[in-house]
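# Coordinate inspection notes
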Amino acid sequence: MAVVPLRPCRAVGRVLPLLCGGARSKGALSPRVPGRLTQRRYKKDVLPSPEGPVPSVSITEIRQYLRAQGIPFHDGYSCLHTPSLFTDGREDQPPAAAASTPYTLFVDKTTGSFLCTATLAEGTWQDFQANVELRHRGVPPAGSEDPEEDMRQAREDARCIWDRALPLWELLDEEETSKIKAMFGISLVSDATLKRFGVRYLRAAKSLVFPWFSPRDATLKGLKLMRVEKKGDVISYIEETLPRLDSYRNLFGLPLIGRRDTELVLTGWELDALALHQATGVASLALPRGATCLPPALLPYLEQFKRITLWLGEDLRSWEAAKLFARKLSLKRCSLVRPGNLQPRPLEALNQGLNLTRILRAALPASHKSIVSFRQLREEVFGELVNTEQVAGVKWARFPELNKLLKGHRKGELTVFTGPTGSGKTTFLSEYALDLCMQGVCTLWGSFEINNVRLAKIMLTQFAGRRLEDQLELYDEWADRFEDLPLYFMTFHGQQNIKTVIDTMQHAVYMYDITHVVVDNLQFMMGHEHVSVDRLAAQDYIVGAFRKFATDNTCHITLIIHPRKEDDEKELQTASIFGSAKASQEADNVLILQDRKLLTGPGKRYLQQKQGQAEEDEGGEGVFSPASSRGNLQEVMIPAGLSLSGGMWTGAGSIGLGYTSPSSPGTEATRCYGPSV
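So, a few notes on the structure that sits alongside this text. (Residues numbered from 1 in each chain as written. Predicted model: local features only at pLDDT ≥ 70, side-chain atom pairs only at ≥ 80, totals over all residues. Heavy atoms only, no water.)

## Looking at the overall build of the chain
Looking only at helices and strands, one finds 19 helices and 29 strands in the chain. Burial statistics for the chain: of 677 residues in total, 51% are counted as buried. Excluding contacts between residues fewer than 6 apart, the proportion of contacts in the chain whose partners are at least 24 apart in sequence is 67%. Summed over its atoms, the accessible surface of the chain is roughly 31900 Å², and 52% of this surface lies on carbon and sulfur atoms. (Helix = DSSP H or I, 4+ residues; strand = E, 2+ residues; numbered from the N terminus. Buried < 20%, exposed > 50% of the residue type's maximum accessible area, 1.4 Å probe, protein only. Contact = heavy atoms within 4.5 Å. Areas by Shrake-Rupley, 256 points an atom, 1.4 Å probe, with all protein chains shown as cover.)

Structure, rendered in structure tokens:
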């Protein structure tokens, strides 16, 4: 039997374009016109712009409107339930006329978006109001629209792959079946369970195939492929989906749920759902993106359950995600399985012979009273002592030296970042955030100073680590990979009202489970509405609003604040941050990008930590690259006591983040970032 690690690595692969016929994949060169790129459609989600924001709606306004229109409704956990406007063919009667009409239309209490589970019609709150008005006029409401061309193509490709895949339980060679099961760590999963969930195997890709069937008519809407890569003792699971990941909303196992089921276990992995159902017989579903995100569009399908247990994984990150998802699902009906040695992920628990039913019964309620005793916190404290590395936060992969300063990126904290104008704050933070985003940290960028196209270009170049303007034939390949990152942009530019920004961030946290927000920068929220107010008081209010948001939403906020105008020859201090002392007092981490001017060279720039999780380092320190849009990626280890200045190693100083970029033909300018000594 193959050894399945406690935390399998999961990544996105690139096999599907080959299986579906590579000419269809994005970025392929047109076969008819050599050297000419095919036309592309851009579908990346962006948040509402100030010119045309989506009007917000409160639950009170939704209830008042439904009552005014005579539409009956039930108050659910996360949605309001109403009779569907799209299933009743009698346009002359309001929905309230049919007392026995099933309540198949769900209105999200937070956003007002609706979904009809009978017809799969969906839309915004404004779309719902428009359909109600059409019904009063005797016009049949518009049904669900035909899928876009990309979605239709994805379904055709999915059907092609599905037909080529073989039922895993019907492979003629029993030895081959045993090897496949051992490779994926599912030797103890029975053929009956695989057959019930419809799992197949695609020999050409050596991948398991998990289907996405429509809950309406059981037609195939998409699928997920999973293959295994083994390097030494580490097993990596490579996943690919049709359609793309941002459109893949499959609650794996949903067609098996009965109308009378009231208890459910939500897992973060399809193999965990198989193990759970086999061992306990309880209804089990797998989230499409694991512990990364719970799309609100899936909430209507979970309304029928009176109790939901979240068992998403075995690490601290999964535990934090479970607590976040429980807020969406309603705390009063949710229980959480705490990760631990005796409570690993479901598949591992099955392979170890543990009693999964007993683990489910020991799940902790998500809701709690305002006052708790240490007895209730005891396991939480023990978990932090045992998992010290995970408690420290997500580590930077590109910036290992930064981990020695900050220990990691933790949710619920506020980081204040400052530095002189033109010192490269945005360039550094773009890769700082990109590094975390590549590890699954859902990130929201709010760039008020430079437009999103320029920012995206910088981040894409940093992501690829090469000059794409000189290799345009590689653009679509890297753009496709970049598009799969959980990265979103606010479309604000210039002065903005702090309330509008906070509302947009709140929307992003709910819709996309954002856990890291970058705000560049605070001064752009001190616009004309604060003209009559003391600017220091206005800034204190804005900083306090971000501090409260970070704490209430368990979301890390990185806030750029410009410094005061000071002598260029002096280093910036915490007191140099513009405004009062509130910014540094409220912040968990204060980072300063120093720009030391030299008469003998281009100068030296380094990152200095003034507040946070610093620790003394007696060994060597590293220079590593944020790879600017024109930079060359490099990593250089140098001994403590040397610093980079004017392109030469001199004196004792600090080492940290650096990159080189050509300033003119035949010359090379060097930037260096690092903590001062």
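The rest of the description comes next.
## A few points about helix α8 (residues 316–329)
With 14 residues, α8 extends 20 Å from end C-alpha to end C-alpha; this agrees with the ideal 20 Å at 1.5 Å per step. Buried residues dominate α8, accounting for 10 of its 14 residues. Downstream of α8 by a residue or two, Ser330 has a phi angle that is positive, lying close to 90 degrees. (Expected span 1.5 Å × (residues − 1).)

## Some thoughts on the side chain of Ser214
Assignment of secondary structure puts Ser214 in the loop between β9 (207–213) and β10 (220–231). The exposure class assigned to Ser214 is buried, which follows from its relative accessible area of 5%. Contact partners of Ser214, with chain neighbours within four places excluded, come to Leu120, Thr219 and Lys221.

## Regarding a nonpolar patch on the surface
On the surface, Phe374, Leu377, Val381 and Leu385 cluster together to form a nonpolar patch covering roughly 400 Å² of accessible area. For Val381, the location among the structural elements is in helix α11 (residues 374–386). (Patch = residues over 30% accessible without salt bridge, like charges linked within 9 Å, V, L, I, M, F, W, Y side chains within 5 Å. Salt bridge = Lys/Arg side-chain N within 4 Å of Asp/Glu carboxyl O.)

## As for the state of the cysteines
Enumeration according to the criterion identifies 0 disulfides in this entry. Note on Cys442: no disulfide assigned, nearest cysteine sulfur contributed by Cys293 at a separation of 5.9 Å. A residue is classified by how much of its surface remains accessible, and Cys442, at 2% relative accessible area, is buried. (Disulfide = S-S within 2.5 Å.)

## Comments concerning the packing of aromatic side chains
Taken as a whole and assessed by the stated rule, the structure comprises 17 aromatic pairs. Taking NZ or CZ as reference, Lys328 lies 5.3 Å from the ring centre of Tyr510, over its face. One Lys or Arg, Arg338, reaches over the ring of Trp319 and ends 4.2 Å from the middle of that ring. (Phe/Tyr/Trp six-rings, centres within 6.5 Å; stacked < 30°, edge-to-face > 60°. Lys NZ or Arg CZ within 6 Å of the ring centre and 35° of its normal.)

## Quick look at the pattern of salt bridges
By the definition in use, this model includes 27 salt bridges. In this structure, Lys323 engages Glu320 in a salt bridge whose closest nitrogen and oxygen atoms are separated by 3.6 Å. One end of the pair, Lys323, and the other, Glu320, are both in helix α8, 3 residues apart, so they sit about a helical turn from each other. Among the ionic pairs, Arg481 bridges to Glu477, the shortest N-O distance being 3.0 Å.

## Topic: the nonpolar core
The tendency in soluble globular proteins is for nonpolar side chains to be buried as a group. In this structure, Met505, Ile514, Phe546 and Ile557 are the most contacted members of the largest nonpolar core, which totals 37 residues. Only β17 (414–418), α17 (498–512), β20 (516–520), α18 (535–552), β21 (556–560) and β22 (589–596) provide two or more residues apiece to this core. Sort the elements by how many residues they give to this core and α17 lands first, with 7 residues. Among all residues touching Ile557, those that are not within four sequence positions of it are Glu413, Leu414, Thr415, Met505, Val517, Val519, Phe546, Phe549 and Ala550. Core analysis: the next-biggest nonpolar cluster, separate from the first, contains 34 residues, Val394, Met459, Phe463 and Leu593 among them. (Core = buried A, V, L, I, M, F, W, Y, C linked by side-chain atoms within 4.5 Å.)

## Focus: the sheet that holds strand β15 (residues 334–336)
Pairing within the open sheet is mixed, and its 5 strands lie in the order β13-β12-β14-β15-β16. Either end of the sheet is taken by a strand with one partner, and the two such strands are β13 (284–286) and β16 (364–365). Examined bridge by bridge, β15 and β16 share 2 bridges and lie antiparallel to one another. The residue of β16 that forms the bridge with Leu336 is Leu364. Of the strands in this sheet, β12 (263–267), β14 (307–311), β15 and β16 touch α8, which is tilted by about 175 degrees from β15. (Pairing = 2+ DSSP bridges. Axes fitted to C-alpha atoms, helices over the stretch in contact; angles between N-to-C directions.)

## Details of the environment of Ser330
Mapping Ser330 onto the fold places it in the loop between α8 and β15. Residue class for Ser330 comes out buried when judged on its relative accessible area of 13%. When the C-alpha positions of Ser330 and Ile308 are compared, they lie 9.6 Å apart, and in sequence the two are 22 residues distant.

## Some points on the environment of Ala366
Mapped onto the elements, Ala366 comes out in the loop between β16 and α11. Look at Ala366 and you get buried, because its relative accessible area is 14%. Taking C-alpha positions, Ala366 is 9.6 Å from Leu310, a pair spaced 56 residues apart along the chain. What Ala366 contacts, discounting residues up to four positions off in sequence, is Ala326, Leu331, Cys334, Ser335 and Leu336.

## Comments concerning the packing of helix α14 (residues 425–437) against helix α15 (residues 452–464)
Their axes nearest at 10 Å, the elements α14 and α15 cross at an angle of 60 degrees. Regarding the angle of α14 to α15, the classification is oblique. Where α14 crosses over α15, the handedness of that crossing is right-handed. Residues Thr426, Thr427, Ser430, Glu431 and Leu434 of α14 touch α15, and the partners they reach there are Leu455, Ile458, Met459, Gln462 and Phe463. Taken together, the residues that form the contact of α14 with α15 break down as 5 nonpolar, 4 polar and 1 charged. (Parallel < 35°, antiparallel > 145°, perpendicular 65-115°, else oblique. Left-handed = near helix turned anticlockwise from the far one by under 90°. Nonpolar A, V, L, I, M, F, W, Y, C, P; charged D, E, K, R; others polar.)

## A look at the sheet that holds strand β4 (residues 105–108)
Strand pairing within a sheet occurs via backbone hydrogen bonds; the two strands may be parallel or antiparallel. Taken together, 5 strands build an open sheet; the order of strands is β2-β3-β4-β5-β6 and the sheet is antiparallel. Two strands lie at the open edges of the sheet, namely β2 (74–75) and β6 (122–123), each paired on one side alone. Across 4 bridges, the pairing between strand β3 (residues 79–82) and β4 is antiparallel. Bridging across to β4, His81 finds its partner in Phe106. Of the strands in this sheet, β2, β3 and β4 are in contact with helix α2 (residues 59–68), which crosses β3 at around 10 degrees.

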